[in-house]
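Listed below, chain by chain, are the residues.
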2 protein chains.
Amino acid sequence: MAHPMNCYLISIGDEILNGQTLDTNTYFLAQSCRAQGYQVRGIYSIPDQLEAIVDMLNQIKPTADVIVTTGGLGPTKDDITKKSIAAFLGVEMFFHQATEDRIKGLFAPRKIPFTEEHRQQCFFPDHVELLENNLGTAPGMWWELEDQKVLISLPGVPYEMKHLWTDRVMPRLQARWHSSLRNFTLMTAGTGETVLSSLLHEWEEKLPASCSIAYLPDLGRVRLRLTCRDAELPEARFEQLKAEMEHLVKDYVFGYEGVTLPEALGQLLLKQGKSLGLAESCTGGYLSHLITGIPGSSAYYNGGIVSYSNAFKEALLGVSSDTLNTFGAVSRETVLEMVQGILKQPGVDVGIAISGIAGPDGGTPEKPVGTIWIAYGDKKSQHAVKILFTKSRLLNIEYAAYYSLNLLRKFLLGL
Amino acid sequence: MAHPMNCYLISIGDEILNGQTLDTNTYFLAQSCRAQGYQVRGIYSIPDQLEAIVDMLNQIKPTADVIVTTGGLGPTKDDITKKSIAAFLGVEMFFHQATEDRIKGLFAPRKIPFTEEHRQQCFFPDHVELLENNLGTAPGMWWELEDQKVLISLPGVPYEMKHLWTDRVMPRLQARWHSSLRNFTLMTAGTGETVLSSLLHEWEEKLPASCSIAYLPDLGRVRLRLTCRDAELPEARFEQLKAEMEHLVKDYVFGYEGVTLPEALGQLLLKQGKSLGLAESCTGGYLSHLITGIPGSSAYYNGGIVSYSNAFKEALLGVSSDTLNTFGAVSRETVLEMVQGILKQPGVDVGIAISGIAGPDGGTPEKPVGTIWIAYGDKKSQHAVKILFTKSRLLNIEYAAYYSLNLLRKFLLGL
C-alpha cells in the first residue's frame, strides 16, 4: 500500500486505569509496529465497559488501517471485550465447539475442572477468524472490515499476546502492508550511548537523508539501529552503510538484531567446545537464570553455586576462612578463590564469580552499595575487576550479571 | 462532590507511540488517583501534533472533571503541548518574565547558556496558573474550565511530573474532591481465577451494590480486590465483608496488598528462625533469584546449587548415579535426593529442589515438556510432587519457582 499503515492500540482493562497494572503490552506492540514501519497513531487504555469500547472503536475506525485490542478475554465476568466487539460489528455471538474441546484437552491432564466461566470463553462474535493460542485458553481474533481494514483482538496476558502477535498476526500484516523501510540493528555491550555516538558522529552526518541512526539503550547493552526509508536507495549502498557502521563500533558488537548477550556467549562456548560454571554471591542466581533461560544451554552449562553465606563459600567453593576474614566477602581475593572453586567442579572449563554489595544496606565508606567484584577465566588464568554500580538492588544484580557475561565473552575471544 | 471525580490522563509524545519510551507517568498518576478514589476514565497516548491534542481535549472534556496531560513541555521544537492547549482554550500565548529570570538564575551557577529554545519555555497560554517546579525549568500549569472542570499540564520528565503532582496538584484536587472509596486486597497463590471466582460467586452476588470484586491474575498468584464506593456503608459492615472474603478463599491467601510470595516466605522463615537452601535443575537459578531479590534475604537464605548437569547433581548434591540411571534426572527419586543433598549443607534447615523438563525440547511421551518434580521439606521429612506446566520454557521456569515457594510456605505452616 502507498501510505504507511496506520495502527491504533487499545488496551482494555480497569486494572490499567486504576493503576494496578502497568500496561507493557502496547509498549511491546508499538516497538514491533515501528520496526515494521507501521505508524501507531494512538495508544488508548479504556475500562471494561461495553459503551466505552464500542465508542472508541467507532471513533478511530475512520482513520485506522489496523486496530489491535488487548485484554478482556479472560473467563471472569468483568471481561467484556468480545460482547463489545459484537456490538461494534453488529453481529451475534456463536458457540465454537472446537474451542471447548481444545480447552478440555488442555485441562484434562492437569485435572482442572471445566467450568461455566470457561464455557463463556467458547463464544465468539460472528465472522471471526480465530488465531490459535498455544500458550493459553483464549484464542486471538481477526476480523476483516471494509476497505481492507482489520480489527484484531488479543488476550491481555503478556506472553500469550506476544505469541499471538508474533506468530499469528505479524505474518498476515506483513503480507498485506509492505514497507519500503529497511532496518539493520547491531547489539553492543561494554560501553554507553555517548561513546558509541562519538564513534559514529562524523559518519552519521554524511548519511543519506532517508537514513537515520537510533540508539536504544537497555540494561548493560545498547541497540544501534540503522533505518533507511527510501525504496530507491540501492541495496548495495545499504549493505555498504551496514558494513561501515559495524566497522566503526566493532569493538563493542556482540551480535545482530534480537541476539542477547547470554545467547551470544552460549554460541561462543558451543563453538569453542567449552563448558561454563558459575559462582554467584550478590547476583544470587540471576546470572545462572540468564544462561539457563536459553534453550539448549545444558550443552555448555554444567551448573553453579549460589554461595550467599560465607559458610557456603567455604564448604562448596573452598574459599579459605582466612581470605574471608582478612579481605572480606567482597574482595579481589575472595572472588578469585570463588572462580577457582567453581573451576574445580566436574566438567567446568571456564567460570565466572561475582561478589558484591547489592544494597540497599550493607555498604561501608570503603565498600559503598554497588561495589561489585567479578572474576572470570579458565583453569590457566583468572582475572578480577571491581565495578561500582548504582544504588538500586535489582539494577546492581542485573548490571553485574550482564557485565560479567561480556567480560567472559571478550576473554574467550582474546579481546 | 456527589459523583466520583472523573479523570482523564493524556501522555503526549511520539517517543511513546513509536515504542522508544515506556509511559510510566500515567501508571503513577493512575495509582495516585485510585488511592484518592478518583475515577480514571481513560489513559491516552497521542503524538506531538496540534490537531491530535486539540481533538482529544475536545472529545473528553464533556465527561471529564479533571484532564491531566504529561509531556511536550521541553525546549525542543517537537514539543507542542502549550500551543495546542492555547488553541483548545481559544487563548493567546503570553511571555512570562519571572520564568525567564528563574531559568537564568538556575543556569548561571552551572554556566548553562540561555538559548532561544529556553526562551520558548517562558511563553504560556493565557489564564494559566503556574505551578512552581523545584526540579526543572518547565512549571506545571493549571486552568479552570467551566463547571469546576480543571485542565492540568505537567512535564514528561518523571521526577518533575511526580514532584508537581504530589506537591502542587494533589493538595488542590483533594480540597475539591473528597473520596468515599475503600479497598481491601488479598494475595492468593496455588489456584487460578476460575476456582477463586467459583468459591466467591455466591457471596459476590449478595454484595452491597456499591461493592465489587476484581480478580487480578499474575504469574503463579491472583490478587483479589474488594472495592466499596458507598460512604454510607458502615465501617463494621466493610470489616465484615473483608473477613467473609478472606474466609472463603483462606486456603489460598498468603498475604495482603503488595506482598509477594518470596516476601511472604521470607517473613515466615524469619519468624520461625529457619534458614533456606535450594537445589535447582530446570529452574536454573531463577528460584534463588526470586529469594535474593528481597533486601535482607541473607538473614534466612544460605545459598543454593544449580545442578544443571548430572555430574553436578552427583558431586555437589550427592545424588546417586544409580538413581539417575534408573529413574532419570526428572523423577521423584532424584528430586528427593537433591533436597536431601541441600539439607546437608551448612546451616540449611529447610530446602526446595526442582528438576523438570522446561522445554522446548527434551520431552518424551512419559515425560512431556512441562513435567516438573518439586521436593521440599526439612531434615525430618521431605515431600515430592509432580506438576505438568505449559509448553513455554521461561513460563515453566517461573511457574515452577512460584509453585515451589507456595509448597514450602504451606509446609512451614503445616497446611
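Residues numbered from 1 in each chain as written. Chains lettered and ligands numbered in written order. Predicted model: local features only at pLDDT ≥ 70, side-chain atom pairs only at ≥ 80, totals over all residues. Heavy atoms only, no water.

### What to know about the overall build of chain A
The number of helices and strands found in chain A is 15 helices and 17 strands. Viewed in the frame of its principal axes, chain A has a C-alpha envelope of about 75 × 60 × 40 Å. Across the 415 residues of chain A, 54% fall into the buried class. Put simply, of all contacts in chain A between residues at least 6 apart along the chain, 67% involve residues at least 24 apart. Within the structure as shown, chain A displays about 17,100 Å² of accessible surface, and the carbon and sulfur contribution to it stands at 53%. Both charge centroids of chain A, one from 38 positive and one from 46 negative side chains, sit 6 Å from each other. (Helix = DSSP H or I, 4+ residues; strand = E, 2+ residues; numbered from the N terminus. Buried < 20%, exposed > 50% of the residue type's maximum accessible area, 1.4 Å probe, protein only. Contact = heavy atoms within 4.5 Å. Areas by Shrake-Rupley, 256 points an atom, 1.4 Å probe, with all protein chains shown as cover. Lys, Arg positive; Asp, Glu negative; His and termini not counted. Charge placed at Lys NZ, Arg CZ, Asp CG, Glu CD.)

### Description of the packing of helix α8 (residues 193-205) of chain A against helix α9 (residues 235-248) of chain A
Residues and elements named next belong to chain A. Where α8 meets α9, the closest approach of the two axes is 9 Å, and the angle between their N-to-C directions is 150°. When the interaxial angle is binned, α8 and α9 end up roughly antiparallel. For α8 against α9, the interelement crossing comes out right-handed. Residue-level contacts link Leu199, Leu200 and Trp203 of α8 to Leu241, Glu244, Met245 and Leu248 of α9. (Axes fitted to C-alpha atoms, helices over the stretch in contact; angles between N-to-C directions. Parallel < 35°, antiparallel > 145°, perpendicular 65-115°, else oblique. Left-handed = near helix turned anticlockwise from the far one by under 90°.)

### Description of the state of the cysteines
Applying the stated criterion to the full structure yields 2 disulfides over all chains. A sulfur-sulfur distance of 2.2 Å marks the disulfide that ties A:Cys211 to A:Cys228. Negative torsions about the S-S bond denote left-handed disulfides, and the value of about 115° found for A:Cys211 with A:Cys228 makes this one right-handed. Taken together, the residues span a long stretch of sequence, with A:Cys211 in strand β10 (residues 211-218) and A:Cys228 in strand β11 (residues 221-228) at a distance of 17 residues. Residue class for A:Cys228 comes out buried when judged on its relative accessible area of 0%. No disulfide involves B:Cys33; its sulfur sits 4.0 Å from the nearest other cysteine sulfur, which is in B:Cys7. By relative accessible area, which is 0% here, B:Cys33 ends up buried. (Disulfide = S-S within 2.5 Å.)

### Side note on the interface of chain B and chain A
Each side of the interface is counted separately: chain B has 70 residues, and chain A has 70 residues. With both sides pooled, the region where chain B packs onto chain A buries about 5,600 Å², and carbon together with sulfur makes up 61% of that total. At the boundary of chain B and chain A, one finds 0 salt bridges. Our count for the contact surface shared by chain B and chain A stands at 24 residue pairs in polar contact (both at pLDDT 80 or more). Broken down by class, the residue content of the side of chain B that touches chain A amounts to 34 nonpolar, 27 polar and 9 charged. (Buried area = accessible area lost by both parts, 1.4 Å probe. Salt bridge = Lys/Arg side-chain N within 4 Å of Asp/Glu carboxyl O. Polar contact = N/O pair within 3.5 Å; in protein donor to acceptor, adjacent residues only side chain to side chain. Nonpolar A, V, L, I, M, F, W, Y, C, P; charged D, E, K, R; others polar.)

### Some points on the packing of aromatic side chains
All told, the structure shown has 17 aromatic pairs over all chains when counted by the stated rule. Seen in terms of ring centroids, B:Phe389 and B:Tyr399 are 5.6 Å apart; in terms of plane orientation they differ by 5°. Their pairing is stacked. Residue B:Phe389 is located in the loop between β17 (382-388) and α15 (393-413), and its partner B:Tyr399 is located in helix α15; the two are separated by 10 residues in the primary sequence. The buried category is assigned to B:Phe389, whose relative accessible area is 11%. One aromatic cluster is present, built from ring pairs that chain together A:Tyr8, A:Tyr44, B:Tyr8 and B:Tyr44. One residue, B:Lys104, lies across the ring of B:Phe114, its end atom 5.1 Å from the ring centre. Here the basic side chain of B:Arg172 rests over the ring of B:Trp142, its NZ or CZ set 4.7 Å away from the ring centre. (Phe/Tyr/Trp six-rings, centres within 6.5 Å; stacked < 30°, edge-to-face > 60°. Lys NZ or Arg CZ within 6 Å of the ring centre and 35° of its normal.)

### Let's talk about the sheet that holds strand β13 (residues 276-280) of chain A
Taken in spatial order, the 10 strands of this open sheet run β17(A)-β16(A)-β15(A)-β13(A)-β14(A)-β14(B)-β13(B)-β15(B)-β16(B)-β17(B), and their pairing is mixed. Here the strands that pair on one side only, and so sit at the sheet edges, are β17 (382-388) of chain A together with β17 of chain B. Going from strand to strand, the sheet's axes swing by 10° on average, the running direction of each strand aside. Alignment of strand β14 (residues 301-307) of chain A against strand β14 (residues 301-307) of chain B, held across 5 bridges, turns out to be antiparallel. Each residue of the ladder has a partner; that of A:Ser307, found in β14(B), is B:Gly303. Sheet contacts for α15(B): β13 (276-280), β15 (350-356), β16 (371-378) and β17 of chain B; angle to β16(B), the most-contacted strand, approximately 30°. (Pairing = 2+ DSSP bridges.)

### What about the confidence of the model for chain A?
Mean pLDDT over chain A: 92, with 98% of residues reaching 70 or higher. The ipTM for the predicted assembly is 0.78, set against a pTM of 0.78. (pLDDT = per-residue confidence, 0-100.)

### Some details on the pattern of salt bridges
Residues and elements named next belong to chain A. Taken as a whole and assessed by the stated rule, the structure comprises 14 salt bridges over all chains. Two residues, Lys104 and Glu100, come together in a salt bridge whose shortest N-O distance is 2.5 Å. Residue Lys104 and its partner Glu100 are both found in helix α5 (residues 97-107); the two are separated by 4 residues, about one turn of the helix. In this structure Lys104 comes out as partly exposed when scored by relative accessible area, which is 38%. Glu100 sits in the buried class, given a relative accessible area of 9%. One salt bridge connects Lys242 with Glu239, and the closest N-O pair in it is separated by 3.0 Å. Placement of both Lys242 and Glu239 in helix α9 is noted, with a separation of 3 residues, approximately one turn of the helix. Overall, the relative accessible area of 18% leaves Lys242 in the buried class.

### A closer look at helix α10 (residues 261-272) of chain A
Since the α-helix turns once every 3.6 residues, residues separated by three or four places project in the same direction. All names here are of chain A. Compared with an ideal rise of 1.5 Å per residue, which puts 12 residues at 16 Å, α10 spans 16 Å between its outermost C-alpha atoms and is within 8% of the ideal. Among the residues of α10, Leu261, Pro262, Ala264, Leu265, Gly266, Leu268 and Leu269 are the ones counted as buried. Buried positions along α10 lie against β9 (182-189), β12 (253-256), β13, α11 (286-292), β15 (350-356) and α15 (393-413). Within two residues after α10, Gly273 carries a phi angle of roughly 60°, on the positive side. (Expected span 1.5 Å × (residues − 1).)

### Description of the environment of B:Ala86
Residues and elements named next belong to chain B. Checked against the element boundaries, Ala86 lands in helix α4 (residues 81-89). The sequence separation of Ala86 and Glu100 amounts to 14 residues, and the corresponding C-alpha distance is 20 Å. Apart from residues no more than four positions distant in its own chain, Ala86 is found in contact with Val91, Met93 and Pro125.

### Some remarks on empty space enclosed by the protein
Tallied over the entire structure, the rule returns 3 cavities of 30 Å³ or more. What lines the largest cavity is a set of 17 residues, among which A:Asp23, A:Thr26, A:Ser45, B:Asp23 and B:Thr26 lie closest to the centre. The element contributing the most residues to the lining of the largest cavity is strand β2 (residues 39-46) of chain B, with 3 residues. Looking at the lining of the largest cavity residue by residue, the classes come out as 9 nonpolar, 6 polar and 2 charged. (1 Å grid on protein atoms, 1.4 Å probe; cavity = no way out; pocket = protein on both sides within 12 Å on 5 of 7 lines; lining within 4 Å. Points joined across faces, edges and corners; volume = space filled by probe spheres on them.)

### Some thoughts on α9(A)
All names here are of chain A. In this model, α9 (14 residues) spans 20 Å end to end at C-alpha, consistent with the 20 Å of a helix rising 1.5 Å per residue. When we look at burial in α9, the residues that qualify are Phe238, Leu241, Lys242 and Met245. Looking straight down α9, one finds that the buried residues subtend no more than 100° of arc, so they occupy a single side. The exposed residues of α9 that point more than 90 degrees off its buried face are Ala236 and His247. Residues of α9 that are buried sit in contact with β9, α8, β10 and β11. (Arc of directions from axis to C-beta.)

### Brief notes about the domain arrangement of chain A
Taken as a whole, chain A is organised into domain 1 (6-176), domain 2 (182-256) and domain 3 (261-413). The centre of domain 1 of chain A, based on its C-alpha atoms, is set 35 Å off from the matching centre of domain 2 of chain A. (Domains from an automatic or database assignment.)

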